[in-house]
Amino acid sequence: MSHIETTACIIGAGPVGATLAATLAAAGISTVALDRAPLPPMELPDFDGRAYAIALTSQRLLAASGIWDRLPGPPQPIHRIRVADGRPGHDPSALKLDFDSAEVGPDPFGWMVEARALRVALNARLPHLPNLRVFAPAEASVTRTPEGATIRLADGTTIAARLVVAAEGRDSALRRQAGIAVTRHDYGQTGMVGAFAHERPHNGTALEMFLPNGPFAQLPLAGTPEHPHASAFVWSDRRDLAARFLAMDDAAFARELTRRMGDHLGRITPIGRRWSYPLSALWAQRQTDTRLAIIGDAAHGIHPIAGQGLNLGFRDVAALAEAIIEAVAAGEDPGGTATLRRYERRARPDAAIMLGATHVLEKLFGNDFGPVRLARRLGIAAVDRMPRLKRAFAERAMGMGSGVSGLLGGQALMDLSAPRG
């Protein structure tokens, strides 16, 4: 048996929890991370069809935390985004909205990173942080008091922490233990995720099609020797239809993909696995409790219509890390009420805006009523002709305009993690 004293103990070492652990440890903050499952192996596993859209500000956080440079291969930048309204099997409306990152600045809107690549990068970074200890697999029980938190592992190890962070996902046990209520909304849809190879290059362009039963997105992936041209898809549809599509063979499934996005990429071939999950929104009534902060999907879940779910979790990471780093630098309690209020004040409005925006988008664009369809097509075309509004939408897609600035810009972490004299 052993006893560990630490500033922060993070329960959950998925992408959000592990990134917070790396961010804090890189800034010199003593940190422990726990997960019920073992960390995946270090070697790059076979492609499984899953990928993340990493916004510009999230990339800056990952770079400042020392994770980005450990990706096993170059990610695919997203230079252009095309938004259109349509119906399966029909040409999209000519009234469309085209975004080009060059109109905003020198950086791309974001990058497509395979899920397996981000996990490898996280696993490569965590062991090299002297201020971090990782226990996985590990079962833990948590006791929180106003004075501090005690975490007991099944092997008898005890951890005394100033702050516990819940990063366990939507079914967070720590959130339930704290008695934090959640509001849920079932969209009645299934989200389908996967990838496909195609004949023609995507040129770093992403496509967002708004269809009557839910949005469909084609997202460019970095090519491989086996598949020089490949893209990911995120497809939302009615649950009964989704079950039928998921049961199709590759040829039939490819035809359905083409019916939704058109044939601009030439012949397509599904690759990797198909993943699916029911779509719902989740909103925790608060993101803090005594010696507890809640981040990522444990705090909020949004519709994938804007591709911002993981990026919203990374904004939680930046907001909480900033609050903890500031508290430590000022000699304050990093798990005290003032620190937690600072975190919630920064993270909460941003999450509320994104949840509301994705909910409204889903309701507005998941409607095939003729006058509404015409109005949204005219609206899309109008935005395309309004440079300032268009730029504002583009900056939001990049994560700019968030209430969190320091760590998302990378500078605060770099300053605090520099060698001290």
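Criteria and cut-off values
Residues numbered from 1 in each chain as written. Predicted model: local features only at pLDDT ≥ 70, side-chain atom pairs only at ≥ 80, totals over all residues. Heavy atoms only, no water. Core = buried A, V, L, I, M, F, W, Y, C linked by side-chain atoms within 4.5 Å. Buried < 20%, exposed > 50% of the residue type's maximum accessible area, 1.4 Å probe, protein only. Helix = DSSP H or I, 4+ residues; strand = E, 2+ residues; numbered from the N terminus. Contact = heavy atoms within 4.5 Å. Axes fitted to C-alpha atoms, helices over the stretch in contact; angles between N-to-C directions. Parallel < 35°, antiparallel > 145°, perpendicular 65-115°, else oblique. Left-handed = near helix turned anticlockwise from the far one by under 90°. Nonpolar A, V, L, I, M, F, W, Y, C, P; charged D, E, K, R; others polar. Pairing = 2+ DSSP bridges. Polar contact = N/O pair within 3.5 Å; in protein donor to acceptor, adjacent residues only side chain to side chain.

Engineer: Please explain the nonpolar core as it appears in this structure.
Structural biologist: Proteins that are soluble and globular tend to have nonpolar side chains buried together. Leu20, Val113, Ile295, Leu320 and Tyr343 are the most contacted members of the largest nonpolar core, which totals 46 residues. The set of elements that each furnish at least two residues to this core consists of strand S1 (3–11), helix H1 (15–26), helix H2 (56–64), strand S7 (110–114), helix H3 (115–125), strand S11 (158–166), helix H7 (309–329) and helix H8 (337–365). When residues in this core are grouped by element, the largest group, nine residues, is from H7. The residues contacting Leu20, other than those within four sequence positions of it, are Ile10, Val165, Ile295, Val317, Leu320 and Ala321. Grouped together as the second largest cluster of nonpolar side chains are 23 residues, Leu34, Ala166, Ile180 and Ala284 included.

Engineer: What am I meant to see in the packing of H1 against H7 here?
Structural biologist: Axis angle and axis distance: for two packed helices, these are the angle between their axes and the distance between the axes, and together they describe the pair. Close contact between H1 and H7 brings their axes to 9 Å; oriented N to C, the two are set at 30°. One finds that H1 runs roughly parallel with respect to H7. Relative to H7, H1 is oriented so that their crossing is right-handed. Together, Pro15, Val16, Thr19, Leu20, Thr23 and Leu24 of H1 and Leu310, Gly313, Phe314, Val317, Leu320, Ala321 and Ile324 of H7 make up the contact between the two elements. Across the contact of H1 with H7, the residue classes tally to 10 nonpolar, three polar and no charged.

Engineer: Looking at this structure, how should I read the pairing of strand S10 (residues 148–153)?
Structural biologist: Every other side chain in a regular strand lies on the same face of the sheet, so the side chains alternate between the two faces. Relative to S10, strand S9 (residues 140–145) is paired through six bridges, and the arrangement is antiparallel. Bridging from a neighbouring strand, Ser141 pairs with Arg152 of S10. Where S9 folds back onto S10 in an antiparallel hairpin, the turn is made up of two residues. Two strands pair when backbone bridges link them, and S10 and S11 are joined in this way by four bridges, in the antiparallel orientation. Looking at S11, one finds that Ala149 is bridged to Ala161. Connecting S10 to the next strand, S11, in antiparallel fashion are four residues, including Gly156 with a positive phi near 95°.

Engineer: Which parts of the structure should I look at to understand the side chain of His202?
Structural biologist: In this fold, His202 is placed in the loop between strand S12 (182–198) and strand S13 (205–211). A relative accessible area of 12% places His202 in the buried class. Looking at His202, its side chain comes within polar contact range of the main-chain oxygen of Leu221, at 2.8 Å. In contact with His202, other than residues within four places in its own chain, are Gln76, Gln218, Pro220, Leu221, Ala230, Ser231 and Leu265.

Engineer: What exactly am I supposed to notice about the environment of His185 here?
Structural biologist: Its location among the elements puts His185 in strand S12. Here the alpha-carbon distance between His185 and Gly301, two residues 116 residues apart in the chain, equals 9.8 Å.

Take it as geometry only, folks, not as evidence of what the structure does.
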